[in-house]
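Working through the structure, step by step
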Amino acid sequence: MRVLVVEDSGPTRELIVAALEEAGMTVTMAARLSTGIKQATAAGFDAIVLDLMLPDGDGLDLCRQLRAEGNTTPILCLTARGDVSERVRGLDAGADDYLRKPFAIAELRARIRALARRRGQAPPTLLAAGSVRIDFAARRLDRGGQEIPLTAREWSVLEALAARAGQVVSRTELLESIWHDSTPASSDSFDVILSRLRRKLGSREEGCAIRTVRGEGFVFESRA
Amino acid sequence: MKPHSLVFRLALLQQVLAAVLIAVFAGSAVWLSARTLERQELRFLSATARKMADNLDRDLEKHDDLKRVALETVGEDAPVGVRVDVLDEQGRLVATTAPGRSARREETWTRRAHLSHGGWVVVSTSTRPRRNAISALILALLLTAAPLLIAVAAISRALARRALRPLSRMAVQAEQATLQGDLRALGHPSDPVEVATLSTAFNRLLARVDKMLNTEREFTQDAAHELRTPLTVLSGELERASSDANLPESRREGLVRAWDQARGISGLVEALLLLRGSDASATEAFVPVNLTDLLRDLGHELGERLPDRAHDLEIVAADEVLVWGQAPLLSSALRNLLSNAFKFSAAGQAVRATSMVENGEAVVVVDDEGPGIAPADLDRIFDPFFRSAEARANHEGFGLGLPILRRVARAHGGDVTVSKSDLGGARFELRLPVWSSRRHGS
């Protein structure tokens, strides 16, 4: 797996590079936005890790430029700021995922693997089916006109499933998408999360549902 | 109107001044009139006495019989309202204009003139007309003064209130600024000089306070941002190192402990950002958080960190206890409660963590079988840097965990309280508003 890391802080860059190489990834690095853009367009990568605050510009410019050129390489943004508006700004610019500093190495690796796997299959920004309306950008679920609260983990599972709606997603992949404060979720807590998510989405008739495919995984299905 | 109100005092002062002025004016008017009347009367009496004495003396030149002459003259010459008595050299009454009424009790003014042929002319008049005139004057003054005083009373309060209006306006502005949490300039262009001076001084003070607050806020935010990057490297490298399978177990354990501490610092930095950031940006980052999930994760984490105490922890949790909040902060708040409970209880003593929704509040209760909190310390335990005797004697720490915990709770619209547990030790209760649909649209 080939990964481009664009990060200006030396120690952070070296940490990310070492951590990803240990996980068997081939890493190219850039310390500036301009070199990052050059490398991203020149060579094909499976994923890009992008720091948002770079000395020569806003990291999101790289996102916009790549997307404008039709490049769909998944992009994971790193930021030292962490408010909701920052997340929305990143997703609007075409980033696929968002990680706040300081992050756990295991989580960084898992997110990159998840992004590379669902390449070009980002969840829709807005999904409306029956009485269910899911705004993935603002992370808001409404069912029958009522706002239904989802926790960050429930969103992670829902996003992983919705990105590949109609296809089977394995339990292992879903497990990897949920992180408990930097440790992977245990299988039993995954079951708890899945059952809550199913309850919150309601029945298939209301709009969408998660179906179990015995021995294989789970499928997200929506009406219409 | 309260007696200590400035309006009341000013009005009272004006009323007293007006009353004193009116009293002085009226008093001097009455006194002057009385004196003028008395002088005129006495001058008239003197002139009359002299004139009659001269007439008598002239007549006595012709007939030297005082009694006969006196009786003739007195009857003819006496002016109306004036009593004239003629006395001989021995002081005996010879003639009078008021026969038979010699013993008058009435107060009178008297003037006398000596006759060159021996004897006296005594002229007197009653003071009653003058007293009547003065009484009339006093009555007239009273009739004018009373309505005047009432008018002054009414106007003075309005005047005082009007004069103090710039001050009450400033108070309203200051109150609004407090409510809305921003320091804006006080005063109004139309304010009089004295008030304008005051508001200028206040504004200078406010500007300074505002600047200090902003500097401090910016510093904390910058510091927190600057800390996040090295913390990433610190905890990341510790995580990498501790996952090295070739390391001896004891070395690995040390690295895991160091990694835990690095994550603890990250939690503190996030708490600083939340507590120092402006309210709006802090709550903007709030998302639905399930306290039960946090509690269960912490239970797992504790089980790994303190394997010998894993059996002491009992978690009684409702499936979903949802609040609006920042998961890392709430997680470190709960971690703080649990670690405290374990820190202050011995192996084998139970720690019970309960989560539930009660009366529209999300509640997490942590009970322990430890020594509990001394009643005297219950009020102070959330004060920064306060450490109980028990904590100072047996445990490390800075006394910052609970104050930060309380501030995190309050930043989430709730609070944390401490009491005695039915398990015998301390009971900490975190109460936050339960999740409810709100704003959003962003």
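You'll find the structure just up there.
Residues numbered from 1 in each chain as written. Chains lettered and ligands numbered in written order. Predicted model: local features only at pLDDT ≥ 70, side-chain atom pairs only at ≥ 80, totals over all residues. Heavy atoms only, no water.

**As for the overall build of chain A**
What chain A contains, in helices and strands, is eight helices and 16 strands. Residues counted as buried form 55% of the 224 residues belonging to chain A. Here the analysis covers contacts within chain A between residues at least 6 apart in sequence; of these, 56% occur between residues at least 24 apart. Taken as a whole, chain A presents about 9,000 Å² of accessible surface, with 49% of it coming from carbon and sulfur. (Helix = DSSP H or I, 4+ residues; strand = E, 2+ residues; numbered from the N terminus. Buried < 20%, exposed > 50% of the residue type's maximum accessible area, 1.4 Å probe, protein only. Contact = heavy atoms within 4.5 Å. Areas by Shrake-Rupley, 256 points an atom, 1.4 Å probe, with all protein chains shown as cover.)

**Considerations on the overall build of chain B**
Of the regular secondary structure elements, chain B holds 11 helices and 11 strands. By residue count, 36% of the 442 residues in chain B fall in the buried class. Look at the contacts in chain B between residues 6 or more apart in sequence, and 65% of them connect residues 24 or more apart. As presented, chain B carries roughly 25,600 Å² of accessible surface, and 59% of it is formed by carbon and sulfur atoms.

**Focus: the side chain of Thr-125 of chain B**
Residues and elements named next belong to chain B. Along the chain, the position of Thr-125 falls in strand β4 (residues 120-126). There is a polar contact of 3.2 Å between the side chain of Thr-125 and the backbone oxygen of Gly-81. When residues no more than four places from it in sequence are discounted, the contact partners of Thr-125 are Glu-41, Leu-45, Gly-81, Glu-107, Thr-108 and Trp-109. (Polar contact = N/O pair within 3.5 Å; in protein donor to acceptor, adjacent residues only side chain to side chain.)

**With respect to a nonpolar patch on the surface**
All names here are of chain B. A contiguous nonpolar surface patch, about 840 Å² in accessible area, is contributed by Leu-6, Leu-10, Leu-13, Leu-17, Leu-167, Leu-198, Phe-202, Leu-205, Val-209 and Leu-213. Among the elements of the structure, α1 (6-62) and α5 (193-242) are those that each provide at least two residues to the nonpolar patch. Element by element, the count of residues in the nonpolar patch is highest for α5, at five residues. Note that Leu-6 resides in helix α1. Residue class for Leu-6 comes out partly exposed when judged on its relative accessible area of 47%. (Patch = residues over 30% accessible without salt bridge, like charges linked within 9 Å, V, L, I, M, F, W, Y side chains within 5 Å. Salt bridge = Lys/Arg side-chain N within 4 Å of Asp/Glu carboxyl O.)

**Some remarks on the sheet that holds strand β9 (residues 361-368) of chain B**
Residues and elements named next belong to chain B. In spatial order, the strands read β6-β8-β9-β11-β10; together these five strands make up an open sheet with mixed pairing. Each end of this open sheet is capped by a strand with a single partner; those strands are β6 (313-317) and β10 (415-420). This sheet shows a mean twist of 15 degrees between the axes of neighbouring strands, independent of strand direction. Two elements, β10 and strand β11 (residues 426-433), share six bridges in a ladder whose sense is antiparallel. Counted as the bridge partner of Lys-420 is Ala-426 from β11. (Pairing = 2+ DSSP bridges. Axes fitted to C-alpha atoms, helices over the stretch in contact; angles between N-to-C directions.)

**Some remarks on the side chain of Glu-159 of chain A**
All names here are of chain A. On the secondary structure map, Glu-159 appears in helix α6 (residues 152-163). Among the polar contacts listed, one links the side chain of Glu-159 to the side chain of Arg-139, at a separation of 3.2 Å. Setting aside residues up to four positions removed in sequence, Glu-159 forms contacts with Arg-87, Arg-118, Pro-123, Phe-136 and Arg-139.

**A look at the packing of aromatic side chains**
In this description, an aromatic ring pair is defined by two values, namely the gap between the centres and the angle between the planes. By the definition in use, this model includes four aromatic pairs over all chains. Centre to centre, the rings of Phe-190 of chain A and Phe-218 of chain A are 5.9 Å apart; their planes meet at 65 degrees, and the pair counts as edge-to-face. On the criterion of sequence distance, the pair formed by Phe-190 of chain A in helix α8 (residues 187-201) and Phe-218 of chain A in strand β16 (residues 217-222) is long-range, its members being 28 residues apart. Look at Phe-190 of chain A and you get buried, because its relative accessible area is 0%. Note on Phe-218 of chain A: relative accessible area 5%, which makes it buried. Taking 6.3 Å as the distance between ring centres and 90 degrees as the angle between the ring planes, the aromatic pair formed by Phe-382 of chain B and Phe-428 of chain B counts as edge-to-face. A residue pair is termed long-range when its members are at least 10 positions apart, and Phe-382 of chain B in the loop between β9 and α10 (389-394) and Phe-428 of chain B in strand β11 qualify at 46 residues. The lysine or arginine in question, Arg-112 of chain B, covers the ring of Trp-120 of chain B, its NZ or CZ lying 5.6 Å from the ring centre. Directly above the aromatic system of Phe-382 of chain B lies the positively charged group of Arg-406 of chain B, at a separation of 4.0 Å from the ring centroid. (Phe/Tyr/Trp six-rings, centres within 6.5 Å; stacked < 30°, edge-to-face > 60°. Lys NZ or Arg CZ within 6 Å of the ring centre and 35° of its normal.)

**A few points about the pattern of salt bridges**
Counted according to the given criterion, the structure contains 45 salt bridges over all chains. A salt bridge links Glu-237 of chain B to Arg-240 of chain B, with the shortest nitrogen-to-oxygen separation between them at 2.9 Å. One end of the pair, Glu-237 of chain B, and the other, Arg-240 of chain B, are both in helix α5, three residues apart, so they sit about a helical turn from each other. On the accessibility criterion, Glu-237 of chain B (30% relative accessible area) is partly exposed. Connected via shared salt-bridge partners are Arg-153, Glu-154, Arg-196, Arg-199 and Lys-200 of chain A together with Asp-293, Asp-297, Asp-319 and Glu-320 of chain B.

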